[in-house]
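Chain residues, written in single-letter form:
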Amino acid sequence: MNPFFDAAVYTNRRENLKKKMTSGVALFLGNNEASMNYPANTYRYRQDSNFIYFFGIWAESLAAIIDFDNGDTIIFGNDFEIDDIIWMGNQPTVKELAGKVGVTETRPYLQLADYVAGILKSGRKLHFTPPYRGHNKIELANLTNINVNEIRNAASIDLIKAIVALRSTKEEIEIAEIEKACNMGVEMHETVMRNCKPGVSELELAGRAEGVAMSRGNGVSFPVILSQHGETLHNHVHNAILEEGKLLLMDAGVEGLMGYSSDYTRTIPVSGKFTPKQKAIYEIVLKANLDAIAAAKPGIYNKELHRIAAEVVASGLKELGLMKGDVKEAVEQGAYALFFPHGLGHQMGLDVHDMEDLGENYVGYDETIERSKLFGWSALRMARELKPGFIVTVEPGIYFIPQLIDIWRTENKFPEFINYDKVSEYIDFGGIRIEDDILITKDGHRVLGRHLAKTVEEIEAMMK
């Protein structure tokens, strides 16, 4: 059983949600076990993050309601029976678990269907979040009589916005947990840096990374991205043997014991020393990372941090002869995205891409800013104004993606900004990304976790 915060933490969160919702009943479905290849062989259990946030209990087959009209809070679930205890050991009752998070009323799970039917029959609004697991899609469809293919579209926008408003601003106890996860993530990356050398398999290094995560927390916060083909942004394939002269990109983090995440990316030379060509590109990405972090503060839009990073990338590539023309215009029109096709970062908390199960546009955008339709700009997950208590990642990159380069060159896209002849000299370069996790403070920002090597000199020293 995972640890709990004090019961008052969960009670206060539920009370804050009640203040943001005017009427109706919110239904929260916990996650069930998910089978790998036969029913009794399951993946590592992970509770739904919204359920963790408001109810704190990591156990399957639970549901909860918060009634915004009369103030009731009820947890539905079944106690373990002897057949379960034989295999799993003695377990606390649902009532005991509920007491740890400040809930006094519990009911058997079988009563949930009748309870929801009564809410719907009375004409009251049933609020729920968009389900992302098949079991909960089916459960919600059965409870509400909404077609399972339409159930996500029936989710409550009011509840989504209220949860995003609450979870975006991290409490001090959450920041402390995320900082713990960050320190575990630093250890994970340092382990890989120390063991990276030609002839080692990607699989071995990915295993070492996961080993740190499993020995310190709840495992990885997302599947490890580790590859000497860093031009593939989310490369989960670990079947290569590291080669002299290649770059190894690792994007990975740890989930702490309370469920909070970290997320770092470092790119290192397999040989232990950057070539001049690699160093030149790396220094551009590092400057983009540092300049974007330096500008982070309350009141600035994350879209502007992305623009700062993109202009550093375009300016640096122009100095190397890969881009040309007006840098600001190249960024505004999206020409930079040939080399930097993703967004600067995302919110981070109980989910490594925090709350994106609720809908990316609700988390990263609001009524003050709309998502761009331009390639590159449209990939920005988090664009809205930064506020104290927000935790975001800053992860600029430069990539040479052969297929994308071929398409743009064939279409003659942005000839006024891109020197395709020079770009062709980098076709087998790979990719570089550098990522840190930052907290927006009252006066500016703070980089979370102990320092993880990221200058050329620091990385080369670490790899010795």
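Everything discussed here concerns the structure shown above.
Let me begin by describing the structure that accompanies this report. Just so we're clear, the structure is a prediction, and the values are computed from it rather than from any experiment. (Residues numbered from 1 in each chain as written. Predicted model: local features only at pLDDT ≥ 70, side-chain atom pairs only at ≥ 80, totals over all residues. Heavy atoms only, no water.)

1. What to know about the overall build of the protein
Counting its regular elements, the protein contains 16 helices and 15 strands. Compactness check: the protein gives a C-alpha radius of gyration of 24 Å against a globular reference of 23 Å for 464 residues, within 12% of the reference. Here the contacts in the protein between residues at least 6 apart in sequence split such that 73% fall between residues at least 24 apart. A total accessible area of about 19,800 Å² is found for the protein, and carbon and sulfur atoms account for 51% of it. Each charge class in the protein was averaged separately, 50 positive and 65 negative side chains, and the resulting centres sit 3 Å apart. (Helix = DSSP H or I, 4+ residues; strand = E, 2+ residues; numbered from the N terminus. Rg over C-alpha atoms; globule rule 2.2 N^0.38 Å. Contact = heavy atoms within 4.5 Å. Areas by Shrake-Rupley, 256 points an atom, 1.4 Å probe, with all protein chains shown as cover. Lys, Arg positive; Asp, Glu negative; His and termini not counted. Charge placed at Lys NZ, Arg CZ, Asp CG, Glu CD.)

2. Thoughts on empty space enclosed by the protein
Within this structure, the stated rule accounts for 2 cavities of 30 Å³ or more. The computed volume of the largest cavity comes to approximately 130 Å³. Taken together, the elements giving at least two residues each to the lining of the largest cavity come down to β1 (25-29) and α6 (134-144). With 3 residues, β1 is the largest single contributor of residues to the lining of the largest cavity. In this structure, the second largest cavity encloses a volume near 50 Å³. (1 Å grid on protein atoms, 1.4 Å probe; cavity = no way out; pocket = protein on both sides within 12 Å on 5 of 7 lines; lining within 4 Å. Points joined across faces, edges and corners; volume = space filled by probe spheres on them.)

3. Examining the side chain of E356
Secondary-structure assignment places E356 in the loop between α12 (327-333) and α13 (360-364). Side-chain polar atoms of E356 contact the side chain of R381, separated by 3.1 Å. If sequence neighbours within four positions are ignored, E356 has contacts with H346, V363 and R381. (Polar contact = N/O pair within 3.5 Å; in protein donor to acceptor, adjacent residues only side chain to side chain.)

4. Examining a negative patch on the surface
Taken together, the side chains of E33, E60, D79, E81, D83, D84 and E96 make up a negatively charged region of the molecular surface. Tracing the chain through its elements places E81 in the loop between β5 (73-76) and α3 (82-88). Overall, E81 belongs to the exposed group, its relative accessible area being 58%. (Patch = residues over 30% accessible without salt bridge, like charges linked within 9 Å, V, L, I, M, F, W, Y side chains within 5 Å. Salt bridge = Lys/Arg side-chain N within 4 Å of Asp/Glu carboxyl O. Buried < 20%, exposed > 50% of the residue type's maximum accessible area, 1.4 Å probe, protein only.)

5. Section: the pairing of β5
Every second residue of β5 is oriented toward a common face, with T73 and I75 on one face and I74 and F76 on the other, all of them buried. Where strand β4 (residues 63-67) lies against β5, 4 bridges are found, and the strand directions are antiparallel. Paired with A63 across the two strands is F76, which belongs to β5. In textbook terms, the turn of a hairpin is the stretch between consecutive antiparallel strands, and for β4 and β5 this stretch comprises 5 residues, one of which, G71, has a positive phi near 85 degrees. (Pairing = 2+ DSSP bridges.)

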